[in-house]
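Geometric and topological summary
One letter stands for each residue in the lines below.
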Amino acid sequence: MTETSTIAAARAADAEVIGSAVAAAGQGMIDRETVAEVVVLCAVAGEHLLVVGAPGTAKSEAVRRIAGQLGGRYFEYLLGRFTEPNELFGPVDLRQLREGRVEFETAGMLPEAEIAFLDEVFLGSTAVLNTLLGLLNERVFRRGRTVLHSPLRVCVGAANHLPDDPALAAFADRFLARVFVEPVADARLEELLEAGRRPATAPLHTPAPPHPLDLADPTDPTAPADRLAALDRLAAAARACDLDEVTPLVAAALRRLRAAGVPISDRRAVRSQKLVAAAAVLDGRTTASARDLWVLPLVAPTADAQAQARDTLADLVEKAANRSLVHAAEELSRSSAARAERLVRTGTALLAAHRTLPEGRDSRLRLEAALREIDAGFDPADLSGALAGIRAELVAAVAPS
C-alpha cells in the first residue's frame, strides 16, 4: 500500500468514526438528524451554523446530542437583551485588576469551549455581539489585555426567526450554513409521540451551566475518546482537499443561483468551497466531486432561498450523496443516490436492532416499512450493490418462519 493510499484509508476510517457518532446522535430523534449532521459538516469545514425554527422544535436537543457524541468541552447559553459579556466570556480577574491590569478569567467559559451553542443568538447586546464576532471570525478572544487562541471547532447559533435589523446582517453573515427547521410533519406524529414516551437518556456529565460540559464519557465503549481527534484530522484533510475537479461545477452552480435571484455574496461563494471539501472528506475521499455539491443550498440565506436553490441545482446534484451525513445529503439534494445511502444506513440499523429484540409485531412492521420504501423508490435493476444486499436481508427477516 502506498503512502497516499494509506493516508486515504486513515481518513476514510476517521469519516466512519464520525459517521457512527452522527448515527448515534440521531437515534430517537424525529426529523432532526439533518441538524446534527450539519453541525459535524461545519466543524470539519471550520465554519459556523445558524439553526432557525420555532420554539419547541428540538434545536438545542439536536446540538447537545451530537456534542455529546463528539466529546470535548461544550458551552451552552441562552442570550437575552440584558446578558452581560462576563456571562459568556468570563469575569475580570480581580487579582490582576489590583495590580492595574484588566484581564479576564476564561476558564469554563465560551473562549475555552470546543463546541458551543448560543440560543436566541440575535438577542445579545452590542457589546456581546462585537466580542463574539471576533471570536467567531478569528478563533481569537481579545478583551482588555487578554488574548486567547480559542479551541472552538464550531459555534451553533439558534433563533426563532432571522433578524429584521440590518445592523445584525454582518453578524448573521458569520454563520455560513443555515438550517431551517419546521415542526415534525403530521405523517410522523406517531413516531414523535412514541419517542416522547421513552425514558430520557441519562446525561453523560452535566455540571451547572454556563460552564462547558465535558461530554466525553470514558466509561462508554461506544464513545471513543479520539472522536474529537478524528474530527480534527478530517478538518486538516478538508483544508488540503483537492478542489480542482469540482471548481467549474461550483462556479456554474453559483452562477445559476445568482441568476435565479438567490443572494450569494462573494465572501459566501468563496467560503462555500470549505463545505464542499468537508463533505468530500466526510465521505472518505481526498478529492471533491459532483457528489459533494449537495452542500451549496446551505449557504442560501433564507428558507425560501434554500428551496429555490434545491430546485435550481436539481440536475447538478442528481448524483450527490454522503456516507456519513446521509439525512442532510438527501434533504438538500433530493437525489436518488443520497436516498439509497440513507436507506442502506437505515436498513442496517433496523436489522441490527431486530436481531437483538424479542420477536414482535413492532419490529417486523418497521422492517416491512423500510422494504416498502426501497421498492417504491427504486427499480430492481437500479439498486446499488449495497442497497440490493440490504433489501435481500430485509426480505429474509420478514419472511414467515
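My aim in this report is to walk through the structure given alongside it, one point at a time. (Residues numbered from 1 in each chain as written. Predicted model: local features only at pLDDT ≥ 70, side-chain atom pairs only at ≥ 80, totals over all residues. Heavy atoms only, no water.)

**As for the overall build of the protein**
- In terms of helices and strands, the protein carries 16 helices and eight strands.
- Computed over C-alpha atoms, the radius of gyration of the protein comes to 22 Å, within 12% of the 21 Å expected from 2.2 N^0.38 for 401 residues, which places it in the range of a compact globule.
- The buried share of the protein, reckoned over its 401 residues, is 47%.
- A separation threshold of at least 6 residues defines the contact pool for the protein, and within that pool the share at least 24 residues apart is 74%.
- Roughly 18900 Å² of accessible area belongs to the protein as shown, and the carbon and sulfur atoms make up 55% of that amount.
- Computing the positive centroid from 45 side-chain charges and the negative centroid from 54, the protein places the two 2 Å apart. (Helix = DSSP H or I, 4+ residues; strand = E, 2+ residues; numbered from the N terminus. Rg over C-alpha atoms; globule rule 2.2 N^0.38 Å. Buried < 20%, exposed > 50% of the residue type's maximum accessible area, 1.4 Å probe, protein only. Contact = heavy atoms within 4.5 Å. Areas by Shrake-Rupley, 256 points an atom, 1.4 Å probe, with all protein chains shown as cover. Lys, Arg positive; Asp, Glu negative; His and termini not counted. Charge placed at Lys NZ, Arg CZ, Asp CG, Glu CD.)

**Describing the packing of helix α9 (residues 227–239) against helix α11 (residues 266–282)**
- Where α9 contacts α11, the axes come no closer than 8 Å and their chain directions differ by 125°. Between α9 and α11, the angle is such that the two are oblique. Crossing of α9 over α11 shows right-handed handedness. Only A277, A278, V281 and L282 of α11 make contact with α9, whose side of the interface consists of L234, A237 and A238.
- Looking at the contact of α9 with α11, its residues break down into seven nonpolar, no polar and no charged. (Axes fitted to C-alpha atoms, helices over the stretch in contact; angles between N-to-C directions. Parallel < 35°, antiparallel > 145°, perpendicular 65-115°, else oblique. Left-handed = near helix turned anticlockwise from the far one by under 90°. Nonpolar A, V, L, I, M, F, W, Y, C, P; charged D, E, K, R; others polar.)

**Some details on the nonpolar core**
- Counting 77 residues, the largest nonpolar core has L41, L275 and W294 as the members making the most contacts within it.
- Top element by residues in this core is helix α2 (residues 33–45). It accounts for 10 residues.
- Within the second largest apolar cluster, 27 residues are counted, among which are Y77, F89, L136 and A172. (Core = buried A, V, L, I, M, F, W, Y, C linked by side-chain atoms within 4.5 Å.)

**Some thoughts on the environment of A321**
- With respect to the secondary-structure elements, A321 resides in the loop between α12 (303–312) and α13 (326–333).
- Considered as a pair, A321 and E99 are 222 residues apart in the sequence and their alpha carbons are 58 Å apart.
- Aside from chain neighbours lying at most four places away, what touches A321 is D283, R291, W294, A329, A337, A338 and E341.

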